[in-house]
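Structural overview for review
Single-letter residue listing:
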Amino acid sequence: MRLSGFSAWSRFFRVLFLFLSIFWAFYSLKFKKIWHRRNWLEAKKEKLYISEAERFRKTAVRMGGLLIKLGQFFSTRVDILPQSSIDILAGLQDEVPGVVFAEIKKVAEEEFSRPIEEIFYQVDESPLASASLGQVHRGELAGGQIVAIKILRPGIEELIAIDLKALRQVLNWIISFTNWESFIDLEAIYQEFEETVLEELDYIREAHNAETIAENSQHDPELIVPGIFWDYTRRRVLTMEFKEGIKINNLAALDQAGVDRQAIARRLLEIYVKQVLVDGFFHADPHPGNLFVTNDGRIIMVDYGMVGSITHELRDQLLEMVFALVKRDYPSVVDYLKEIGFLRFDADNETITRAVGIFIEHVLGRRKDMSSLDLTSFLEDLEVLLYEQPFQIPANFTFLGRALGTLYGICIALDPQIDFLEVSKPYVDQLAPAKEIWSLVKEKTANFFASWIEIPPLMEKVLLRMERGEIKLKLPLRSLNEKIQENTRAQKMQAWAIVFGFSLLSSIYLLANDFLFLSRYAFAFSALSFLLLLYQNRSPKAWKAPHPPLGKKGRKKQNKKS
C-alpha cells in the first residue's frame, strides 16, 4: 500500500496541523490570560491537558503510524505531562486497530515470495495483538509447533518516513519558539527516537535482540524469552514460540490463578536491575502488553524491537555515584551528575551540592516518612532549583527513564509496599568494589581523625574572613527580584491605564463637541496607550514559551490534603 503524492503531502500537513494546534492552544494562553482573572489560567491549563490529550489520542488511533508510538512514549513521561494526560494517552497501548488479514497476508507473501499456505501450515486470521508497527497472529508450522507470527503493517515504512519529517519540522519550531532545549536535549532525543523507531521496523534485528537477552538470562528459570524460528523469519516477518500467560496488569486474573503478585513484582524488578546493571542490555518497552505471567509464576517477556544498552563506562559512573551517596560525599555526586550529563559544566556546584545534601538527608538519610516533610515548601524549592540551574536530560537516558518509569508503575500496581532499594541491593553489592570490613573501618577512622585535623585551620580561615568582612551571605534573591519586577510593572500599568482613560475621555469629549479632526488623533493616541498597557502587562520573562511547570501537581495535591 503506497501513498500517492497528494496523500503523502496531505498526511504531512495533517500531522503538522495537529502539533501546531496543540502548541497554539497552550501558547495562546499567555495572551488570553490578560482578559481573565488570575486563577483562570491554571484551571484552563488543566482542561487543555485533558482535551488536547484526548484529541491527540483520537487522531493517533485514526491515522496510525508514528503518532501511536509517540503517544505511547509520552504516556510514560510524568516529568512532562500531568497525570490526567498520561491516563488518556496510556489507552493507546490497547486501542490500536488491526489490519484486515488479506492485507497483512500480502506482506508475508512478499517477504517469502510464495503463498502463505506454503509457508505456514495454518494461520489464524484474527490477530492476537495489534501494535503501532505490526500485529501478531497465532499460527502452526508443518511440524506441529504452535508459533506467534509478527508481521509488519503494510505501508508502515512510508507512514513513518512522512511522520518523522513532520516531527522534525515541529521540533525545529519548538527549538525556535520555546526555551525547552535548556531543560532537555531535544535534538539528541529526536535522533535517538528516530533511530529506535527505524530499528523496530527490522524484525531480523529484533530477533537478534531477543536471543541476546535469552543468552544473558539462560541461568534464570523465572524469565521466559520465546525462541526464534529463523527459517520462518524475514525483515518484515518474525516467527517465535507461542507462550500463553496472563497479562501482568490483569490483577484479578493473577489472583484467581493463585499467583503471588508481590513475588512477581520483586522478580520483575530483579530482572531489570540485572539487565541494566549487570548485562548492560535491557528490554526498553516493558508496558503490560509485552509482559505476561504463567500459572506457575514465571514471567514471559515479548517484543524486543526496542532495547537499550548501558556502556561499561556509564555503568561504572552510575555505581560510583551511588557509592558517593552512601558515603555522603555530595560534591562527588554533583561531579558525577556533570560527567553523566544531567548537569552542564557551568552549574553552580555549591547550590547543587547543598540541594542534593538536603534531599538525601531528609528523605533517605534519616528515613523520614514523606508525610512528615513540608512537601509544599520542598517542591517549591526544588522547582526553583530546576529552573535556575542548568539541569538537562541526557539523550541516552530517555528510553532507560521511560522503561524504568513504566516498570515502576507495574511494580507498584502489583505490590504497593515493594522496597525498590532492598530488591536492588544484592546486584549493587555484587558490582561494588570488594572491601573487607577492616579496610572499611580503617577508611572511616582515617576520615574521622582527618576531620579533627582539618577543622581548626578551617575555623581560623572563617574567622579571618569574617574579620576582614569577606564573608558573603547568599540569599534566594529570585523571588525578591520577581516581586520588584511585578511592582514596577504594576506601576507602569497603572500609569498607562490613567493615560489611556484620560485620552479616551478626551476623544469622546472632542467628538461630542464636533472637533472631529482632533478627536481622531485623540482616539489614535488612546489606541496606542491601550497597546502599551497590554505590552506592560506581559510576562517579564523571555518571550519564548516556558517549559512545562515542575511540581505544580504535587503542590496542588498537597494543598488539597491540608
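Heads up: the structure comes first, above all this text.
Here's a quick rundown of the structure. Counting from 1, residues in each chain are numbered in the order their sequence is written. Local features in this predicted model are restricted to residues whose pLDDT is 70 or higher, and side-chain atom pairs enter the listing and the counts only when it is 80 or higher, whereas totals over whole chains, interfaces and linings include all residues. Side-chain figures throughout are based on the complete set of non-hydrogen atoms in the structure, without hydrogens or water.

With that settled, the discussion passes to the overall build of the protein. Counting from the N terminus, the helices are DSSP H or I runs at least four residues long and the strands are E runs at least two residues long. A count of helical and extended segments in the protein gives 22 helices and 11 strands. With a 1.4 Å probe rolled over the protein chains alone, any residue whose accessible area is under 20% of its type maximum counts as buried; one over 50% counts as exposed, and the rest are partly exposed. Across the 562 residues that make up the protein, the buried fraction comes to 41%. Surface accessibility in these figures is a Shrake-Rupley result with a 1.4 Å probe; residues are shielded only by whichever protein chains are displayed. Summed over all atoms, the accessible surface of the protein reaches about 32000 Å², with 59% contributed by carbon and sulfur.

Axis geometry follows a simple rule: fit a line to the C-alpha atoms, using only the stretch in contact for helices, then measure angles between N-to-C directions, giving values from 0 to 180 degrees. Between helix α4 (residues 66-74) and helix α8 (residues 156-177), the shortest axis-to-axis distance is 9 Å and the interhelical angle comes to 55°. Of the possible angle classes, the one that applies to α4 and α8 is oblique. Where α4 approaches α8, its residues Leu66, Leu67 and Leu70 are matched on the opposing element by Ile160, Asp163, Leu164 and Leu167. Partitioned by chemical class, the residues of the contact of α4 with α8 number 6 nonpolar, no polar and 1 charged. An angle below 35 degrees is treated as roughly parallel, one above 145 as roughly antiparallel, one from 65 to 115 as roughly perpendicular, and anything else as oblique. In what follows, residue pairs with any heavy atoms lying within 4.5 Å of each other are defined as contacts. When residue character is reported, Ala, Val, Leu, Ile, Met, Phe, Trp, Tyr, Cys and Pro are called nonpolar, Asp, Glu, Lys and Arg charged, and the others, Gly included, polar.

This paragraph deals with unusual backbone geometry. Its identity is not glycine, yet Ser113 carries a phi of approximately 60°, on the positive side. Inspection of the secondary structure puts Ser113 in the loop between α6 (101-112) and α7 (116-119). Backbone geometry at Asp303 places phi at a positive 65°, although glycine is not the residue there. Mapped onto the secondary structure, Asp303 falls in the loop between β10 (299-301) and β11 (307-309).

What follows covers the sheet that holds strand β9 (residues 291-293). Pairs of strands are assigned from DSSP output, requiring at least two bridges between the strands. Here 4 strands make up an open sheet; going across it, the order is β5-β10-β9-β7 and the pairing mixed. Taken across any chain shown, the strands that pair with only one partner, and hence form the sheet edges, are β5 (223-224) and β7 (246-247). The pairing of β9 with β10 spans 3 bridges and is antiparallel. Among the inter-strand pairings, Leu291 is bridged to a residue of β10, identified as Met301. Strands β5, β9 and β10 of the sheet are contacted by helix α12 (residues 261-279), whose axis makes an angle of about 45° with β10.

Turning our eyes to something else, we now look at the layout of surface pockets. Sizing a probe to match a water molecule and rolling it over the atoms shows the empty space that remains. A volume near 800 Å³ is recorded for the second largest pocket. Any residue with an atom within 4 Å of a point lines the site, the site being either a cavity, points on a 1 Å grid over the protein atoms alone where a 1.4 Å probe fits but cannot get out, or a pocket, an open set with protein on both sides within 12 Å along at least 5 of 7 lines. Lining the second largest pocket we find 35 residues, and of these Ala129, Val136, Gly289, Phe292 and Val302 sit closest to its centre. Elements that contribute at least two residues to the lining of the second largest pocket include exactly α4, β2 (129-130), β3 (134-140), β4 (146-152), α10 (203-216) and β6 (237-241). Class assignment for the residues of the lining of the second largest pocket results in 13 nonpolar, 10 polar and 12 charged. Grid points are joined across faces, edges and corners, and a volume is the space filled by probe spheres set on the points.

Attention shifts here to the side chain of Glu52. With respect to the element layout, Glu52 can be found in helix α3 (residues 40-63). Apart from residues lying up to four places away in sequence, Glu52 is in contact with Ser21, Ile22, Ala25 and Phe26.

The next subject is the environment of Gly65. Tracing the backbone shows Gly65 in the loop between α3 and α4. Apart from residues no more than four positions distant in its own chain, Gly65 is found in contact with Arg11, Ser132, Ile156, Leu159, Ile160 and Asp163.

Relative to the elements of secondary structure, Arg168 occurs in helix α8. In contact with Arg168, not counting residues within four places along its chain, are Glu187, Tyr190 and Gln191.

Our next topic: α12. The length a helix should cover is 1.5 Å for every residue beyond the first. The end-to-end C-alpha distance of α12 is 25 Å, a good match for the 27 Å that 19 residues give at a rise of 1.5 Å each. Definition of a polar contact: a pair of N or O atoms within 3.5 Å, with one able to donate and the other able to accept a hydrogen when the atoms are protein atoms, and with sequence-neighbouring residues admitted only if both atoms are side-chain atoms. For α12, the N-terminal cap is Asp260; the gap from its side-chain oxygen to the backbone nitrogen of Gln262 is 3.1 Å. Phi turns positive one or two residues past the end of α12, at Gly280, with a value near 70°.

To continue, consider the nonpolar core. The definition of a nonpolar core used throughout is a set of buried Ala, Val, Leu, Ile, Met, Phe, Trp, Tyr and Cys residues joined through side-chain atoms within 4.5 Å. The biggest cluster of nonpolar side chains holds 98 residues, and the ones touching the most others in it are Phe19, Phe56, Leu67, Ile160, Phe193, Ile248 and Leu268. When residues of this core are assigned to their parent elements, the largest contribution, 10 residues, is made by α8. Excluding residues within four positions of it along the chain, Leu268 makes contact with Ile248, Leu291, Ile299, Leu407, Ile410 and Cys411. Counting residues in each nonpolar core, the second largest holds 15 residues, with Ile104, Val107, Phe120 and Val147 among its members.

What follows is about the packing of aromatic side chains. In this scheme Phe, Tyr and Trp rings, the latter by its six-membered ring, pair at centre separations within 6.5 Å, and the angle between planes marks the pair as stacked below 30 degrees, edge-to-face above 60, and tilted otherwise. Under the defined criterion, the tally for this structure stands at 7 aromatic pairs. When the centroid spacing of 6.4 Å and the interplanar angle of 80° are considered together, the rings of Phe112 and Phe120 count as edge-to-face. By relative accessible area, which is 3% here, Phe120 ends up buried. Taken together, the ring pairs connect Trp9, Phe12 and Phe13 into an aromatic cluster. Sitting over the ring of Phe242, Arg138 keeps its end group 5.3 Å from the ring centre. Any Lys NZ or Arg CZ that is within 6 Å of a ring centre and within 35 degrees of that ring's normal is treated as a charge sitting over the ring. Over the aromatic face of Tyr190 sits the side chain of Arg168, whose NZ or CZ is 4.7 Å from the ring centroid.

Glancing now at the pattern of salt bridges. For salt bridges, the criterion is a side-chain nitrogen of Lys or Arg within 4 Å of an Asp or Glu carboxyl oxygen. Using the criterion set out here, one finds 18 salt bridges in the structure. Measuring nitrogen to oxygen at the nearest pair gives 2.7 Å for the salt bridge that ties Arg168 to Glu187. Of this pair, Arg168 sits in helix α8 while Glu187 sits in helix α9 (residues 186-200), and the two are 19 residues apart along the sequence. Across the salt bridge formed by Glu270 and Arg266, the nearest N and O atoms sit 3.4 Å from each other. Residue Glu270 and its partner Arg266 are located together in helix α12, separated by 4 residues, close to a single helical turn. You can call Glu270 buried: its relative accessible area is 15%. Residue Arg266 is classed as partly exposed on the basis of its relative accessible area, which comes to 38%. Through salt bridges that share partners, Asp220, Arg266, Arg267 and Glu270 make up one connected network.

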